Amino acid sequence: MIIKLESAFKKIERQRKRLIEELNQYNKSQLDFHPKAGSWNMKQVCLHLIVAEENSLAYMRKKINALEELDNAGLWSKLRLAFLNSVVSTKIKFKAPKIVQLKEGDADNLDYEQLKERWDKVRRELHNFADKLDHKASEKLLFKHPFAGRFNIYQLFSFVEKHVQHHFYQIDRIKNSPGFPQK
């Protein structure tokens, strides 16, 4: 893999492992706790992150077949990424884009171990995808964010880092909510 890309991937993987370590501290009732009706629990937060990465990978797999038709990342994508990352870096709550929205109960039938395995799988697949990219392909606008538009894979990894951090804040809000089950 391109050294710069490998470094970016390792960074998001370390962060994912920190989030998993955080979630490993909680029992089933804590992972399933909803602070209020209609709000996400910790498992749903995890599932949302997984679905976002699965969708991103599926989109890039489709776009890799039309590589020559794609533009390279440029100033405009850098500006859009800076804006997106600055917004996502806040603790402000946002409604997820429709493509990654979850409904109450979406994670109920999945146990936490299944979620971890699913996230492991998509990360392995993301690593394998990135590993096959040469320098030319890595600069192409392969990824499309539902609101902010197209980015290259480096920019995707930058967004993933900020996105996961944003949901660390959400997990903190959940565990500090009134009524959060004690062990």
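Everything below is about the structure printed above this text.
In this text the structure is predicted, and so the values were computed from the model without any measurement.

(A) Geometry of helix H1 (residues 3-24). In this model, H1 (22 residues) spans 31 Å end to end at C-alpha, consistent with the 32 Å of a helix rising 1.5 Å per residue. Turning to H1, its buried residues number three or more, namely Leu5, Phe9, Ile12, Glu13, Gln15, Arg16, Leu19, Ile20, Glu22 and Leu23. Where H1 is buried, its residues contact helix H2 (28-31), helix H3 (42-63), helix H5 (112-131) and helix H7 (153-175).

(B) Layout of the pattern of salt bridges. Within this structure, the stated rule accounts for 14 salt bridges. Note that Lys28 and Asp32 form a salt bridge whose closest N and O atoms lie 2.6 Å from each other. Salt-bridge contacts for Glu53 lead to Arg123; the nearest nitrogen and oxygen are separated by 2.6 Å. Remark: Arg123 occurs in helix H5 and Glu53 occurs in helix H3; sequence separation between them is 70 residues. No difference in accessibility class separates Glu53 from Arg123, as the two residues are buried. Three or more residues joined by partner-sharing salt bridges are found here, namely Glu13, Arg16, Glu53, Asp120 and Arg123.

(C) Main features of the side chain of Ser138. Within the secondary structure layout, Ser138 lies in helix H6 (residues 135-138). A polar atom in the side chain of Ser138 sits 2.7 Å from the backbone oxygen of His135. Excluding residues within four positions of it along the chain, Ser138 makes contact with Ile2, Leu133, Asn152, Ile153 and Tyr154.

(D) Representation of the packing of aromatic side chains. A complete count under the given rule lists five aromatic pairs for this structure. Note on Phe33 and Phe180: the rings are 5.6 Å apart at their centroids and 90 degrees apart in plane angle, and the pair reads as edge-to-face. Of the two residues, Phe33 sits in the loop between H2 and H3 while Phe180 sits in the segment after H7, which places them 147 residues apart along the sequence. There is no split in this pair, since Phe33 and Phe180 are both buried. An aromatic cluster of three or more residues is present, and its members are Tyr26, Phe33 and Phe180. Here the basic side chain of Arg16 rests over the ring of Trp119, its NZ or CZ set 5.6 Å away from the ring centre. A cation sits over an aromatic face here: Lys91 above Tyr169, 5.2 Å from the ring centre.

Parameters and conventions
- Residues numbered from 1 in each chain as written.
- Predicted model: local features only at pLDDT ≥ 70, side-chain atom pairs only at ≥ 80, totals over all residues.
- Heavy atoms only, no water.
- Helix = DSSP H or I, 4+ residues; strand = E, 2+ residues; numbered from the N terminus.
- Expected span 1.5 Å × (residues − 1).
- Buried < 20%, exposed > 50% of the residue type's maximum accessible area, 1.4 Å probe, protein only.
- Contact = heavy atoms within 4.5 Å.
- Salt bridge = Lys/Arg side-chain N within 4 Å of Asp/Glu carboxyl O.
- Polar contact = N/O pair within 3.5 Å; in protein donor to acceptor, adjacent residues only side chain to side chain.
- Phe/Tyr/Trp six-rings, centres within 6.5 Å; stacked < 30°, edge-to-face > 60°.
- Lys NZ or Arg CZ within 6 Å of the ring centre and 35° of its normal.

All we've got here are geometric facts, nothing functional implied.
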